[in-house]
Amino acid sequence: MSREIRVSGIRRLLNLPASGRRVQRDVDDEIRFHIESRTAELVAGGMPLDAARETAAREFGDVAAARDELSRVDLRRLSRQRRATWWETLAQDLAYSARSLRHQPTFAAVIVLVLALGIGANVTMFGIVDRLLLRPPAHVAAPERLMLVGMARTVEGAESVQRVLSYPIYRDMHAAAGAFEQVAVYASADMVFGRGSEARELQAMRVTASYFPALGVRPLVGRFFSSEEDGNPTAPAVVVLGYGFWQRQFQGNRSIVGRTLTIDQREYTIVGVAPEGFTGVSNNVAVDAWVPLTTAVTAQEYQGWLTSRQAYWMRIVGRLRRGVTTEQASGIATAALRAGAIRDGVPEASIAATRPTVRLVSVLPREARADTADAKVAVLLAAVSALVLLIACANVANLQLARGIARQREVAVRIALGIDRARLVRQLVSETVLLALASGVAAVLITLWGGGIVRRVIFTSEFAASHPIDWRLVGYTAVAAVVAGLLSGIIPAVQSSRPAVSDALRTGVRAGGPARSRTRSALLIVQAALTIVFLVGAALFVNSLRRIQAMPLGMEPERVLSVSARTSGMQLTSDERTRLYTRLHEAALASPGVENAALAVGLPFATVWSLEVAVPGRDSVPLTRSGGPYFNAVTSEFFATMGIRILRGRALTAADRANSARVAVVNKTLADLWWPNDDPIGKCMKVGGDTMPCAQVVGVTADARRQFIIEEPAVQFYVPLDHAPAWADMRVLFVRPAGDAEQAVESLRRELQARVADAPFIVVEPLADYVSPQMRSWRLGATAFGVFGLLAVVVAALGLYSVLAYDVSRRIRDLGVRVALGARAGDIARMVMGRAVRVAAWGALLGFAIVVSAASVVTPLLFETSAREPVAFAFAALVLFAVALLAAVVPTRRAARVDPIVALRAD
Amino acid sequence: MPTAAEPMLLQGTLDLLVLRTVAWGPRHGYAVARWIRETSKDVILVEDRALYLALHRLEEGGLIESEWGLSENNRRAKYYQLTAAGKRQLRSKEADWTRYVEAVFRILQSAEGSARP
């Protein structure tokens, strides 16, 4: 009979075959043992050896097959067991961690807070990057096969791609049937719905009937457009509502289909509602309504907009035909594009020179948007927020290290009890991961609360839209939390579990050894260095922003509002339109709280006009590289309203009317360039060309910006509005409110709408809104580095404080001995403070080194600011030292007050 | 070797025999085979391959567990023994089997009785 053997469960676990090969070998051994035993038994019974072997083998059956099936069963059992064990020990580890953390709630809270800030910053940025670059457009079927059409042309050796194209090019793409299953057009349009004072702005999208089928989206209610509804300007006007607009205006009423909506003074029949979240091929701009492309174009516009090859106003998407590659489709579409150009009368020489080519890129944001400024900025910010998380991790690692020292005995006891070191590391790491997961939950809350603020502050209004937490975000948070937990848990865990620690059991050492202390100092220094990077970055960007804001623009856009009336769809004659603006001008001047108001034909920073000018005695007039000469026709209040200074002579006056003498006011650049050695006042300008009568120069203004904050000065002049050429019938009204311009927007709009009863929807915008997008990248940098820098400073200060405080509390006995031996409170204080100062000093040095080596990357992002600006460095160093000293105050006081008797009696 | 008609070994029966055999204490596969052969007086003949498959499957199912040890002649051998779950399984299967056999036997008895009026 078999020998009795006690099989214990634990030993069974530990004796598990380690690998597949091991399993195979065990099975072989088992079979061999069986056959040899049987052979021996048969031989003992008197059978010859050969016959015995043969019998034993026959009795066993197919050895090879047995080998396979047994190994398979064993491997299956083994892997199941391993999984079970893994989860079992993980559960044990987590339970153990939770127990031990319960005893140190403050410690746990600090770690959760620090990590939550770091993770929260990252989750917020992920939400933005996800929307900008990662998430495919909602409700669009197979977006990777839906292509944005671009036209590349070579001009002066450089190729440029444009994606805003013309209707004839859409027809060409339609002809490229070998490339695309479907081709569609979309063009966003600011429209107005409702009438009179009830009128409101409508973010509309003009689309072809093929748009919805090409995108593969289905209506939530009703239907989309039929091909009869898109094709000519007399087709019945129909509209598909966006989900958000439908909810806001019609409370999600499904029986809305068939009712009408007034858009741009015309009745549109509602035929359907798009699904929730559908915004076309881009994720960012909410669309209130979709209207057929051709019905939304007025009869007047129809001719030029749909027939001119150069009228670029729409985007084209095409769905790739099955089995056609992007390259093949580009080839087919390019051929169609060139054939269309020739048919439309474009000279062949021009085609040969510019080589128009179709470039296709899928609507997936990572392809379509990769080059946009928003995307670059978002990626930069994501990188910056990753740095914040790194700081937080370094911080937590440090706290854990400090705690690890306190736990030396506990760890030593466990090692002595024979716990496997890998298991110990795992247990220690799992503790940090547990904390990190708790931080993840807190981070989601931070994102909910703070994310909206960050988006509003940093990005344009389109991103301020509600941005609910979804599963992608939660998933990312979980991953970020686990990674952060591992990152900050692994170093302390490995250090704490060093076998050398078992010395602690014998010696009772209280503070960490020199190696450990070095690791902690290094972590603190890294934090301080990263903080310096943020502080210097913030200072550099704030400097750039300040300099660009302080730059004289020659006018005061922040004091001025621009007013225009939405006349599209009203079928007004040129005269009726200019009269409408004249009435608006009078109404504005009569309104309370208005300091001044003026009419003009050009809107600085948006629309500028140029006009030929001849000067007697000159063949041609000199210009700067900005081109020109640029003119604006304005009423007499213009200069006072805009805040443009008159340097010499006079401004225009109310006396400069239609039948008065022709006059002009020129800017300083024009005066200096055209009459460098002469007084410009009284000189003659033939505005409009040689055949025109003289206009006398009556004044010189300071240079005012034409289009960009940063631009080469341009030759500009102003003539009375009544003297404007007949074609210059466009108007814009500028209003200078007495108080804050921004706050006057809505009241001025209501006032004007009431005073000019029959006016269409009136739009009032701060002129600064035209300027500020040009400052955006600097504002963005300043805000991002400022916000994240503040976060970094807080986290680093918390880290330094907690490490110092922990040190002091662990070294109470040591300090007590020193005091007993005659050290004075000042010496002790200097010791603690000294550590904080040393960390700050090394951190500053390292941080400066990082900034200086990254200077070439940063400099192009700055404005008239060197990446090595000493002021920025000084500021950063000052803040860092101040924070370090502040963090050291409390621990220092505690250390200085150590009572040797109490300290030595403890323990 | 006796050439008695191959007895049909119902699925599950072999498992029951194996559980019964290892219930007395750890034993290796060869011992199990020999025990079944000798105790059944060579009536039940099991192909050894099927026996080992049953052993490994029972181990996978957690009814028995194994450990490597030394055999009577000091060779490495794999020993099997019942787990707690295996003991429960054995008790319940034994009871099922006994009830089943008794029922079959009763039917056979009564058939004999009615054929002889």
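Below you will find a few notes about this structure. Model, not experiment: these values are computed from the prediction.

## Some details on the overall build of chain B
Broken down by element type, chain B carries four helices and three strands. Ordered by position from the N terminus, the helices and strands of chain B form the series α-β-α-α-β-β-α. When burial is assessed residue by residue, chain B has 39% of its 117 residues classed as buried. Taking the contacts inside chain B whose residues are at least 6 apart along the sequence as the reference set, 50% of them involve residues at least 24 apart.

## As for the overall build of chain A
What chain A contains, in helices and strands, is 31 helices and 23 strands. Buried residues in chain A amount to 50% of all 907 residues. Relative to all contacts within chain A whose residues are 6 or more apart in sequence, the contacts with residues 24 or more apart total 80%. In the form shown here, chain A has an accessible surface area of approximately 41500 Å², with 58% of it arising from carbon and sulfur atoms.

## Topic: the pairing of strand β20 (residues 695–701) of chain A
Residue and element names in this part refer to chain A. When you tally the buried positions in β20, you get six out of seven residues, the bulk of the element. Pairing between strand β17 (residues 646–649) and β20: three bridges, direction antiparallel. Bridge assignment links Gly649 to a residue of β20, and that residue is Gly699. Bridge count between strand β18 (residues 663–667) and β20: five bridges; the pairing is parallel. Counterpart to Asn667 in the pairing with β20 is Thr701. As judged from the two bridges shared by strand β19 (residues 684–687) and β20, these two strands associate in the antiparallel manner. By the bridge assignment for β20, Met685 is matched with Ala695.

## Quick notes on the pattern of salt bridges
A side chain of one charge can pair with a side chain of the opposite charge when the charged atoms of the two come close. Residue and element names in this part refer to chain A. Taken as a whole and assessed by the stated rule, the structure comprises 36 salt bridges over all chains. The partner of Arg38 in a salt bridge is Glu41, with the nearest N and O atoms 3.3 Å apart. Linking Arg38 with Glu41, this pair stays in helix α2 (residues 20–44), spanning three residues, or about one helical turn. In this structure Arg38 comes out as buried when scored by relative accessible area, which is 3%. A salt bridge links Arg750 to Glu746, with the shortest nitrogen-to-oxygen separation between them at 3.9 Å.

## Describing the interface of chain A and chain B
In this complex, chain A contributes 33 residues to the contact, which on the side of chain B involves 38 residues. In this assembly, chain A packs against chain B so that about 3500 Å² is buried in total across both faces, 50% of it on carbon and sulfur atoms. Our enumeration of links across chain A and chain B arrives at nine salt bridges. Here Asp26 of chain A and Arg76 of chain B are joined by a salt bridge, their closest N and O atoms 3.1 Å apart. Of all elements in the fold, only α1 (9–14), α2, α3 (49–60) and α4 (63–102) of chain A reach the threshold of two or more residues within the side of chain A that touches chain B. Of the residues that constitute the side of chain A that touches chain B, the class distribution is ten nonpolar, five polar and 18 charged.

## Observations concerning the environment of Val879 of chain A
Following the sequence through the fold, Val879 of chain A ends up in helix α30 (residues 870–896). Once the C-alpha coordinates of Val879 of chain A and Thr531 of chain A are considered, the two residues, 348 residues apart in sequence, prove to be 9.7 Å apart.

## A closer look at unusual backbone geometry
Residue and element names in this part refer to chain A. Residue Ala142 is not a glycine yet carries a positive backbone phi of 40 degrees. Along the chain, Ala142 falls in the loop between α5 (105–134) and β1 (146–155). A positive phi is found at Arg355, a non-glycine position, where the angle reads about 45 degrees. Tracing the backbone through its elements, the reader meets Arg355 in the loop between α12 (348–354) and β11 (357–362). Judged by its relative accessible area of 46%, Arg355 falls in the partly exposed class.

## Details of the packing of aromatic side chains
All names here are of chain A. One pass over the full model with this rule turns up 24 aromatic pairs over all chains. Ring centres of Phe212 and Phe224 lie 3.7 Å apart, and the angle between their planes is 15 degrees; on these two criteria the pair is classed as stacked. Here the residue Phe212 occupies a position in helix α7 (residues 211–215), and Phe224 occupies one in the loop between β5 (221–222) and β6 (238–241), the gap between them amounting to twelve residues. For Phe212, a relative accessible area of 0% puts it in the buried group. On the numbers, 5.9 Å between centres and 70 degrees between planes, the contact of Phe212 with Trp290 is edge-to-face.

## Some thoughts on the sheet that holds strand β2 (residues 64–70) of chain B
All names here are of chain B. Spatially, three strands are ordered β1-β3-β2 in an open sheet, and the strand pairing comes out antiparallel. With one partner strand each, in any of the chains shown, β1 (27–28) and β2 form the two edges of the open sheet. In the sheet, β2 pairs with strand β3 (residues 76–82) via seven bridges, with the strands oriented antiparallel. Each bridged residue has a counterpart across the sheet, and for Gly69 the counterpart in β3 is Ala77.

## Considering the state of the cysteines
Residues and elements named next belong to chain A. This structure, assessed with the given rule, holds one disulfide over all chains. One disulfide bridge connects Cys684 with Cys694, the sulfur atoms lying 1.6 Å from each other. Sign of the S-S torsion, about -90 degrees for the bond between Cys684 and Cys694, identifies this disulfide as left-handed. Pair noted here: Cys684 is in strand β19 and Cys694 is in the loop between β19 and β20, with a separation of ten residues, a long-range link. On the basis of relative accessible area, Cys684 is assigned to the buried category, the value being 17%. Its relative accessible area of 40% is what places Cys694 among the partly exposed residues.

## Here's the deal with the environment of Lys87 of chain B
Residues and elements named next belong to chain B. With respect to the element layout, Lys87 can be found in helix α4 (residues 84–115). With a relative accessible area of 45%, Lys87 lands in the partly exposed category. Sequence separation between Lys87 and Arg20 is 67 residues; the distance between their C-alpha atoms is 9.1 Å.

## Focus on the side chain of Ser71 of chain A
Mapped onto the elements of the fold, Ser71 of chain A is located in helix α4. If we ignore the near neighbours within four places in the chain, the residues touching Ser71 of chain A are Val23, Gln24 and Val27 of chain A.

## Considering α4 of chain A
The end-to-end C-alpha distance of α4 of chain A is 58 Å, a good match for the 58 Å that 40 residues give at a rise of 1.5 Å each. In this structure Asp62 of chain A caps α4 of chain A, since a side-chain oxygen of it lies 3.2 Å from the backbone nitrogen of Ala64 of chain A.

## Things to note about the side chain of Thr578 of chain A
All names here are of chain A. Relative to the helices and strands, Thr578 resides in helix α21 (residues 574–590). Taking the relative accessible area as the measure of exposure, Thr578 reaches 14% and is therefore buried. Separated by 2.9 Å, the side chain of Thr578 and the backbone oxygen of Asp575 make a polar contact.

## Some points on the packing of α2 of chain A against helix α3 (residues 48–60) of chain B
Here α2 of chain A crosses α3 of chain B at 140 degrees, and the two axes come no closer than 12 Å. As summarised for this structure, α2 of chain A and α3 of chain B are arranged oblique, according to the angle between their axes. Our pair here, α2 of chain A against α3 of chain B, has a crossing hand that is right-handed. For the pair α2 of chain A and α3 of chain B, the contacting residues are Val27, Glu30 and His34 of chain A in the first and Asp48, Tyr52 and His56 of chain B in the second. Residues belonging to the contact of α2 of chain A with α3 of chain B are distributed by class as follows: two nonpolar, two polar and two charged.

## Some points on the nonpolar core
Residue and element names in this part refer to chain A. Residues Leu115, Ile119, Val536, Phe638 and Phe734 are the most contacted members of the largest nonpolar core, which totals 106 residues. For this core, the element with the most residues is α5, which contributes 16 residues. Setting aside chain neighbours within four positions, we find Ile119 in contact with Leu389, Ala436, Ser439, Gly440, Ala443, Thr477, Ala480, Ala481 and Ala484. Ranked by size, the runner-up nonpolar core spans 47 residues in total, among them Leu611, Ala671, Ala695 and Val745.

## Here we look at the pairing of strand β7 (residues 260–263) of chain A
Residues and elements named next belong to chain A. Relative to strand β8 (residues 266–273), β7 is paired through four bridges, and the arrangement is antiparallel. Opposite Thr262, over in β8, you have Glu267 as the bridge partner. If you look at the hairpin formed by β7 and β8, you'll find two residues sitting between the two strands, and Asp264 has a positive phi there, around 50 degrees.

## Some thoughts on a nonpolar patch on the surface
Where nonpolar side chains cluster on the molecular surface, the patch consists of Trp97, Tyr100, Val101, Val104 and Leu108 of chain B and spans about 460 Å² of accessible area. The partly exposed category is assigned to Val101 of chain B, whose relative accessible area is 38%.

Cut-offs applied
- Residues numbered from 1 in each chain as written.
- Chains lettered and ligands numbered in written order.
- Predicted model: local features only at pLDDT ≥ 70, side-chain atom pairs only at ≥ 80, totals over all residues.
- Heavy atoms only, no water.
- Helix = DSSP H or I, 4+ residues; strand = E, 2+ residues; numbered from the N terminus.
- Buried < 20%, exposed > 50% of the residue type's maximum accessible area, 1.4 Å probe, protein only.
- Contact = heavy atoms within 4.5 Å.
- Areas by Shrake-Rupley, 256 points an atom, 1.4 Å probe, with all protein chains shown as cover.
- Pairing = 2+ DSSP bridges.
- Salt bridge = Lys/Arg side-chain N within 4 Å of Asp/Glu carboxyl O.
- Buried area = accessible area lost by both parts, 1.4 Å probe.
- Nonpolar A, V, L, I, M, F, W, Y, C, P; charged D, E, K, R; others polar.
- Phe/Tyr/Trp six-rings, centres within 6.5 Å; stacked < 30°, edge-to-face > 60°.
- Disulfide = S-S within 2.5 Å.
- Expected span 1.5 Å × (residues − 1).
- Polar contact = N/O pair within 3.5 Å; in protein donor to acceptor, adjacent residues only side chain to side chain.
- Axes fitted to C-alpha atoms, helices over the stretch in contact; angles between N-to-C directions.
- Parallel < 35°, antiparallel > 145°, perpendicular 65-115°, else oblique.
- Left-handed = near helix turned anticlockwise from the far one by under 90°.
- Core = buried A, V, L, I, M, F, W, Y, C linked by side-chain atoms within 4.5 Å.
- Patch = residues over 30% accessible without salt bridge, like charges linked within 9 Å, V, L, I, M, F, W, Y side chains within 5 Å.

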